[in-house]
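# Descriptive structure summary
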Amino acid sequence: MSGDTSVFSESFSQTTTTQKRTLSALLAARLVKKRHQSENEQDLQEAAIQLLNHHQNLGDLLLEVSPPPSKVLCSKEGNNCGKPEVQTLPVNGDSILVSALQRQASKLGVPVSVLSARTIVERIWELSMVPEGTSRSVLLTTEKRDKMACLILSSKNLLSHNAFSRLLFCKEIWKAEKPPVLEVVWHLHKESIVSLEELLESNSKSAAEIDWLHNDLRLLCSDPRDPTQGSEVCWQIFSDFVTVLVRNAFQESQELSNLKRIPQVCFTVLDAMLSWVLGAVSNDKQEQESLRVKAATFWTHGFDVSVYRGAISVGTLKKFFIHTLTQILTYEPQLKVSDAIGMQSEWSFAKTCPLLTSLYRKLFVLFTAEELMAHLQQVLETHEVNWQNVLSCVSTLLVCQVQAQQKLKDLLTHLLTSAFEVYELESMITAFLLARQASLEGPAVFISYSEWFKISFGNASSYHGNSKKSLVFLLKFLSDLVPFEPPQYLKVHVLHPPYVPTKYRPLLLEYVSLAKTRLADLKVSIEEMGLYEDLSAVEAAAQPRCQAEQDVEKAIVLFVNMGRIPASVMEASIFRRPYYMSRFLPALLSPRVLPDKPDSQMTFIESLKKADKIPASLYSTYIQACQKEKQRQLEGVSVEMKSDKPREPLCLLKAGLNELTHLISDQDKVEDVSAQIALVSEVLKSIINDSSGDLFKEPSIKLNVVAPKLEPLETEVTDLILKSFCQNLLESSKNNPPNRHGNWASLYVKMLCGHRLLLKIVLTRLLQLTCHQGPSLSGVHILGLSAFVIDLHESERMVPLVDTGVHLVSFTECVTQLLTCSTEESMTFCLRFCVAAVSYGLCKLETGSVEEMQAYVPHGIFKKLQYLIPRLAAEARVESVEDGAESVWSILSDPCLSWKSSALALWRHYNFRKLAKLAEFKLTFKDWVMAELDVQPGRDALSESERQEYQHWACYQQYLQACPDVGGCAGDLVTACTVLINAILDHSQRSKTVNSMQPLGSVLCWYSNTCYTDIICRLQEMVFDLELMQARAVAAGALHEDGHFLFRLIRERFSKIQINQSLSSQLVQQQELHAITRIITSLPPSVLLRTNLEKKKISLNCEEFFHFVNAEQKNGCFRACVLPYDLTVHFFRGLLSSSIACKKPSHAVNAVFTECYLKCPLLMSSAGFWWPKLEPVLWSQWSRLIEEPVPAELQKMADCQIWARSALCGKAGSPPSDSPFVLAAFLYFSFLRQSSNKNIGAVLGGIDEDCEQLLVFLLFFSVVDLISSKLHHTETMDLLRAKECCIDIVKHLEDTGNLIILFHVQEKGQSPYQVLYTMMPDLQIELMPLAFYCLFPSLDQNLLSSVMKRQDFLHVALQMYSGMVKLFLDGVDVSTSRDKQPSSKQVDSAELMGAQQFLLQVISQCPQESFAYRKQLEDACADLDPEVKAALTFRLNPIDNDSLYEEPDFL
């Protein structure tokens, strides 16, 4: 540096002394200066080199030539891989390092590349050294990592100057005492100094390098440091090296390189690592969280496709995965088939090590279920396998890939077919193991083993049914399995044996005997089996006492659901009596405090007692023990109570469901969802045991839809399940619509369907929330529950039908029916629920066809929307110009939209419009009327005027003009009226059916709490229009008379009801008749009569109404032979009104009255009964219509009433009418209305003796009342009064020949009394024998003797007794209370005995003339009891009878 200073000083002095110099002088000075500087630099460099030669350390030089370490290694922000960023060395440093190495190499006489390689390896070896007593590590410390970065820079510099040989470097590395640290190798590989392939290829000792790489990779996976201390580098090393190993071990043919040894090395290392992982699985079953398992779990990340980031082709990855799967299935095949048979119940998906199931799922990603099942079949056929791994792999495949379930069935079919073709045991045992393994995963995945065994071997067409050799092969196979079989499978084989022809039954019996012996050795008794024990259950059977308690619980559930004692209990009481008496009954009759109101268990016990299935002594002991138990509690003695279930499984359930939500929300872990659902299913089994029994074989489940109730534990479990579903839905919907949610919802629902009892509980809770607590739910709950219902609908084939107590329906239909729209509150909730449900369903297949959408949208819920949206949003009543094209899900998820706005947007959506055009989804006119009838006017969302406006829009704009294909009426008022009436009647029956499940209320409540009045107003408007059209048609002479639509409709409805003559049908008929009568009386009276135009003359026709009265109304009268007042007055008012259209109204009225006498006497008797109320109404109406005297027939009716009153006062004059029937009706009903106690006999004494027909008709009315008194539970005084009335009339008929004409008037040719039986209800006609034997035995002896003198009396008595016996045998209801509840089912036996004694008396006392018609009497007694027949035969053969007493002639 002194030379440079002198030059600088000299130049400075010259410049200062001479301020002005020439250009040449300046240039000359500059050249001199540059020459001096160059000489000084060379001197300085030579001096430095000399200094290094004297104090040289090349190892330190490699580290010192670089910039400070803090500036060498850095990670860019956002660099995920943590790659070191290497900066460029200064040029001067490059030349110094190279020059130093060259000078040293020259001095040593070795090539510079050799020296540089040895020098770098020495430094690497120093970095790899660890202090004594410290375990080996594959990662560098921070300080060593900085030094390694410097080495990398130096190595790159040497490579750039051709002063470094990769080959020599590799050889030097392997010559070192210890192999380098794995991170060092990674740095060399990553920075392209020496690749891992070159390093491995350079070593001739493959075993050593395999051992080194295998051990270091294991240490890498076991690195315990925190992420802040190097795990990012650890992960990068792992991913880079695994990529190298897989690429070289499974390279495609076109990718083959010049490296010959490396593929085998990589292949071996990968296999060694897999064996290490599988060893961790097998050795750490009890320590799933051990360090070894954690390390092995880290290695399994090498099977994530994302690790390779496209660096390896899919074909190579498939080869790697399929090889790995093969290695797993064949890993250490130490277990024998016999071991697998006994242990496979522990190898289900839920019980398999999570590390192994996770590995399986990763390997399955690139393959279809068909490819995996084909490979499994190939491995089973060509390798000796590890059965534990094979069966756990099958379980994982079935749980995680739904398509694999059908492929497994195909494989089982192939195996069994092959086995029986060549009688191969290997295929046979494989099929059995696979089927049993699949059944372990539950019915949501595969059928139970018992079902599979029955399907495969339970009928003549099974695999073994074609020959004896096949049968022997099967039985031999099953026999060989017996020593190793778990007891549950032996039970299946014994209780559901394979099909065996009769002649080969001994072969089967040998196997059954062997199996039972084995069960006895295992101390498992078939006789001690529970009634509902799952034969193929994995878990060990419960202890007999515990099993009996489970049987009792399930038997009670079945009893409640079916309403009778289960068949399994009845069978057990006969065929399994030891178990029934020693286990079942003690469990059922365990002492407890009996409830005040009998519960289901007590009702079940009482039913068993009535069926003589509980001994009286045992029942008595039970009652006493229950009383003692109650006394103990009253005295303060603590009673040990057992909890329903342990709390720990609930914690596991919560954790499992939370983990499921986490997996669903993480897009990278979607493939783990199905496995987690399977784990949740396993936890649910431990909480709610739903082992299969009779309940779970039923095609339906019974739900209490009126008041669903659950136990606290059941409520807690179902709330967790439903809450989890709602949370999962929200998490899935944060970024994606439902059509991108994946299949988690479907798997979730199918899992629940596999737990039959749990499913019933969940559905019950769902009904509680939606149908009973709906308005209180938040928007999130409504969205989640509606989506759950849609997913249930999608899996409808797996969801059993619901028994509501009325009929069987799908659960979706059940929810739809219970979603009422009767009040503003319920309508609002129903709208919100249905909008959410339909939006979710449409969005699940938003781009699909209309046919595909039907599977996701329940038509019942869709119809609810079609009803509610136009009703609550008037904007929807206007046809939209454009269809909405926005996403369905955006409609629902937009926070700015209200529910009403969302509903309108959905209403206008094109997919909604497309579905609305389908017939199944169209809301028809009848559907609309039924829905409108549900509305309660006082709590409606619409006011009176708004509701009327809406109903007019619906009737006249929406449906009247619409075509029938879309539920309209095509402009036909008759069709519209028919639909209205049918809907009203159907709604009435439906409402009464629903009310039958609830506390009884007034019938009028239905009419007052619905829109019945509004719909009747719409019907009246349409009928009025029809009447105007008919009047115009009559005036124009263009009326086509084909009957009134109202009576056609009535005939059609009653014809359908009368198909079944059961008691329930009769009650339905009564309800129908009441509703029809109410509708008729609300319509214009003129509809009851038709106006005919014949020869330009208008007449009235009542034929249809007469037929209606005679066929239907007579069976629905509130009392016999009397129509309701409303209907009676309605007809007569209609008659008077319609007569105005005739030229002579009085003549028209008289003509109709004449027809009534002959064709519909019931109308006349009803007029006689109601005349005090009827007369002022008719007189007033006639005076308003026309200024003429009342018609003659109408006046006769008034005169008959006056005559009857006079007769009651003893002042009867000549009868005003020529109709004895009408006179009798007015007289009898007036007699009933009198307040005095005057009997009918006194009244008849004041009437002209020559009135035989009048007396017969009076007797008819009194007999009808006598039957009514017997038929109903009336007061005793009513029955005695009716009987006395009959006896008084009979006394006056004593001398006539028509005394008993009433009791065989059904026979033809008995006019004029034939018309009487058209008035009587059918039931009363059947009960005429009862009236006969109630009346005639009550006559005094003289009167009876007089009656018996009639020649036909005996014949009538025999006919009546025959009818009495038939009533007794058929069990006809003859005693019914006022509330229509039957109180006895047949004629009382005492009454029948009394009738028999009376008939025997008649037979013995009748004169001989009564036996003149022998043939008739013999025919009449053909079906009688032997005693009556013998008595009659005795009287019919008097000569033969006398011969019995003649003395014998011995001569």
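Residues numbered from 1 in each chain as written. Predicted model: local features only at pLDDT ≥ 70, side-chain atom pairs only at ≥ 80, totals over all residues. Heavy atoms only, no water.

## Some words on the overall build of the chain
In terms of helices and strands, the chain carries 67 helices and seven strands. Here the chain holds 1451 residues, and 50% of them are scored as buried. For the chain, the accessible area works out to roughly 69,300 Å², and carbon and sulfur atoms hold 53% of it. (Helix = DSSP H or I, 4+ residues; strand = E, 2+ residues; numbered from the N terminus. Buried < 20%, exposed > 50% of the residue type's maximum accessible area, 1.4 Å probe, protein only. Areas by Shrake-Rupley, 256 points an atom, 1.4 Å probe, with all protein chains shown as cover.)

## A few points about the confidence of the model for the chain
Here the chain shows a mean pLDDT of 79. Residues at 70 or above account for 80%. Residue range residues 637–647 is modelled with pLDDT below 50. Its contacts to residues more than four positions away, or to other chains, number ten contacts. Across residues 995–1006 the pLDDT falls below 50, and counting only partners more than four positions away or on other chains, this stretch makes 13 contacts in the model. (pLDDT = per-residue confidence, 0-100. Contact = heavy atoms within 4.5 Å.)

## A short note on the state of the cysteines
Evaluation of the coordinates by the stated rule reveals zero disulfides. Cys-1117 provides the cysteine sulfur closest to Cys-1121, a residue in no disulfide bond, and the two sulfurs are 7.5 Å apart. Classification of Cys-1121 as buried rests on a relative accessible area of 1%. (Disulfide = S-S within 2.5 Å.)

## Notes on the side chain of Ser-1166
Within the secondary structure, Ser-1166 is located in helix 54 (residues 1161–1185). Exposure remark for Ser-1166: the relative accessible area of 0% places this residue in the buried category. Among all residues touching Ser-1166, those that are not within four sequence positions of it are Cys-1121, Val-1122, Leu-1123 and Thr-1128.

## Regarding the packing of aromatic side chains
Any pair of aromatic rings gets described here by the distance separating the centres and the angle formed by the planes. By the definition in use, this model includes 66 aromatic pairs. Where Tyr-950 meets Trp-953, the ring centres are 6.1 Å apart and the plane angle is 25 degrees; that geometry is what we call stacked. Placement of the pair is Tyr-950 and Trp-953 together in helix 45 (residues 944–959), with a separation of three residues, close to one helical turn. For the pair Tyr-950 and Trp-953, one class covers both residues: buried. Seen from their ring centres, Tyr-1125 and Trp-1170 are 5.5 Å apart, and the 65 degrees between their planes marks the pair as edge-to-face. Linking Tyr-1125 in helix 52 (residues 1125–1139) with Trp-1170 in helix 54, this pair joins segments that are 45 residues apart in sequence. Take Trp-1170: its relative accessible area is 14%, and that puts it in the buried class. (Phe/Tyr/Trp six-rings, centres within 6.5 Å; stacked < 30°, edge-to-face > 60°.)

## Focus: the packing of helix 53 (residues 1145–1159) against helix 55 (residues 1192–1208)
For any two helices packed against each other, the geometry comes down to the angle between their axes and how far apart the axes lie. Relative to each other, helix 53 and helix 55 sit at 55 degrees, their axes nearing to 7 Å. With respect to their mutual orientation, helix 53 and helix 55 come out oblique. Contacts between helix 53 and helix 55 pair Asn-1150, Phe-1153 and Tyr-1157 from the former with Ala-1192, Glu-1193, Leu-1194 and Met-1197 from the latter. Grouping the constituent residues of the contact of helix 53 with helix 55 by class yields five nonpolar, one polar and one charged. (Axes fitted to C-alpha atoms, helices over the stretch in contact; angles between N-to-C directions. Parallel < 35°, antiparallel > 145°, perpendicular 65-115°, else oblique. Nonpolar A, V, L, I, M, F, W, Y, C, P; charged D, E, K, R; others polar.)

## Some words on the environment of Val-966
Looking at where Val-966 falls in the secondary structure, it is placed in the loop between helix 45 and helix 46 (973–996). We classify Val-966 as partly exposed; its relative accessible area is 26%. Separated by 41 residues in sequence, Val-966 and Phe-925 place their C-alpha atoms 9.0 Å apart. Apart from residues lying up to four places away in sequence, Val-966 is in contact with Lys-922 and Leu-923.

## Let's talk about the pattern of salt bridges
Taken as a whole and judged by the stated rule, the model has 33 salt bridges. Residues Lys-190 and Asp-240 are paired through a salt bridge, measuring 3.2 Å at the closest nitrogen-oxygen approach. With Lys-190 in helix 8 (residues 182–190) and Asp-240 in helix 11 (residues 231–249), this pair connects stretches of sequence that are 50 residues apart. Owing to a relative accessible area of 27%, Lys-190 belongs among the partly exposed residues under this scheme. By relative accessible area, which is 10% here, Asp-240 ends up buried. (Salt bridge = Lys/Arg side-chain N within 4 Å of Asp/Glu carboxyl O.)

## Side note on the packing of helix 54 against helix 55
Interhelical geometry of helix 54 versus helix 55 gives an angle of 110 degrees and a closest axis separation of 10 Å. Between helix 54 and helix 55, the interaxial angle falls into the category roughly perpendicular. Contacts from Met-1164, Ala-1167, Gly-1168, Trp-1171, Glu-1175, Leu-1178 and Trp-1179 in helix 54 reach Leu-1194, Gln-1195, Met-1197, Ala-1198 and Gln-1201 in helix 55. Class assignment of the residues belonging to the contact of helix 54 with helix 55 gives a composition of eight nonpolar, three polar and one charged.

## Examining the environment of His-1074
Here His-1074 is to be found in helix 50 (residues 1063–1082). His-1074 gets classed as partly exposed once you look at its relative accessible area, which sits at 41%. Linking His-1074 and Leu-985, residues 89 residues apart in sequence, is a C-alpha distance of 9.7 Å.

## Focus: the sheet that holds strand 1 (residues 700–702)
The three strands are arranged 1-2-3 in an open sheet whose pairing can be described as mixed. Either end of the sheet is taken by a strand with one partner, and the two such strands are strand 1 and strand 3 (808–809). Strand direction decides the pairing type here: strand 2 (residues 801–803) and strand 3, joined by two bridges, are antiparallel. Looking at strand 3, one finds that Val-802 is bridged to Val-809. (Pairing = 2+ DSSP bridges.)

## Things to note about helix 45
Taking 1.5 Å as the rise per residue, helix 45 with 16 residues should run 22 Å; its terminal C-alpha atoms sit 21 Å apart, in good agreement. Of all bends in helix 45, the biggest is about 25 degrees, found at Trp-953. (Expected span 1.5 Å × (residues − 1). Bend = angle between axes of the 7 residues up to and from the residue.)

## Regarding the nonpolar core
Core analysis: the largest hydrophobic core is formed by 266 residues, its most contacted members being Trp-928 and Phe-1131. The element that contributes the greatest number of residues to this core is helix 58 (residues 1252–1271), accounting for 13 residues. Those residues in contact with Phe-1131 that lie beyond four places of it in its chain are Leu-1088, Leu-1089, Cys-1102, Phe-1105, Phe-1106, Val-1152, Cys-1156 and Leu-1163. Within the second largest apolar cluster, 142 residues are counted, among which are Ala-369, Phe-420, Leu-433 and Val-492. (Core = buried A, V, L, I, M, F, W, Y, C linked by side-chain atoms within 4.5 Å.)

## What to know about helix 8
Of all nine residues in helix 8, eight are buried, a share of seventy percent or more. For helix 8, the full list of buried residues reads Leu-182, Glu-183, Val-184, Val-185, Trp-186, His-187, Leu-188 and His-189. Positive backbone phi, approximately 60 degrees, marks Ser-192, located one or two places after helix 8.

## Section: the side chain of Asn-1110
Tracing the sequence through the fold places Asn-1110 in helix 51 (residues 1103–1111). Exposure remark for Asn-1110: the relative accessible area of 18% places this residue in the buried category. Sequence-distant contacts of Asn-1110, that is, excluding residues within four places in its chain, are made with Lys-1159, Cys-1160 and Thr-1318.

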